[in-house]
Amino acid sequence: MRVRRLSAICALAVLASCAGYTPSISTDEKPTGQEAYLYGRFYIEAKSGKLALDGHQTMGFVIACASGDSYTFRFSNDSALPVIKVTPSSCSLTELIYSNADGQVRSRKRAPEKLMRDVKFEAGKAYYLGDFYAEATTTVVGTTSHSNWNIKTVRNDYTNTSAALKASYPNLAALPTENRMIGR
């Protein structure tokens, strides 16, 4: 009984520190007209870990909404174009999170003020947030490791990324898109 209780406490402690990234929709998602969609490129140059629970060291953008919902875009080391379904609301980038290859949050930082502007997302539309390219590195010195996350490039490639959205998610192709690039 004691071992079970200790195991449960340990499992909760590990899960409590996990990042909780919002999953992308499937490529065959069918919109109902009651939701909005957010998309963009969130790429991170990071080595994949063979035994890593989350695949690789990464980071995310936390978007909080007036509706009380929040969504976290996960940076990935593949070429996928993530699309997140959201409840229509006014939202803002509020936080950046950084996680190790096992998905455990290593750091949280408030988003820079200039990036924290409220944006209204309406039902039946898809909103481009930007193309972000980052890098994650870990340096080991003796018995100490130091992790670093850095956004290297931010691009406004609305036309090409929107074309990729319509090609990768054919059921969203008829939705109007708008450029709501973070920070601009």
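Being a predicted model, the structure only gives us computed values, none of them experimental.

S.K.: Looking at this model, I keep getting lost on the overall build of the protein chain. Mind explaining?
M.R.: Within the protein chain, the secondary structure is distributed over two helices and 10 strands. Secondary structure elements of the protein chain, listed N to C terminal, follow the sequence α-β-β-β-β-β-β-β-β-β-α-β. Here the protein chain, with 184 residues, has 39% of them falling under the buried criterion. Intrachain contacts of the protein chain at a sequence separation of at least 6 include 69% that bridge at least 24 residues.

S.K.: Looking at this structure, how should I read the environment of Ala173?
M.R.: Position of Ala173 relative to the elements: it lies in the loop between helix 2 (158-168) and strand 10 (177-179). Under the relative-accessibility criterion, Ala173 is labelled partly exposed at 31%.

S.K.: Would you mind showing me how to read helix 2 here?
M.R.: The periodicity of an α-helix, 3.6 residues per turn, causes residues three or four positions apart to be oriented the same way. Inspection of helix 2 places Thr161, Ser162, Ala164 and Leu165 among the buried residues, and these make up the whole buried set. With its buried residues spanning 155° around the axis, helix 2 presents them on a single face. In this structure, helix 2 carries Thr159, Asn160 and Ala167 as exposed residues pointing more than 90 degrees from its buried face. Where the residues of helix 2 are buried, they touch strand 1 (36-45), strand 4 (83-86), strand 8 (126-141) and strand 10.

What counts and what doesn't
- Residues numbered from 1 in each chain as written.
- Predicted model: local features only at pLDDT ≥ 70, side-chain atom pairs only at ≥ 80, totals over all residues.
- Heavy atoms only, no water.
- Helix = DSSP H or I, 4+ residues; strand = E, 2+ residues; numbered from the N terminus.
- Buried < 20%, exposed > 50% of the residue type's maximum accessible area, 1.4 Å probe, protein only.
- Contact = heavy atoms within 4.5 Å.
- Arc of directions from axis to C-beta.

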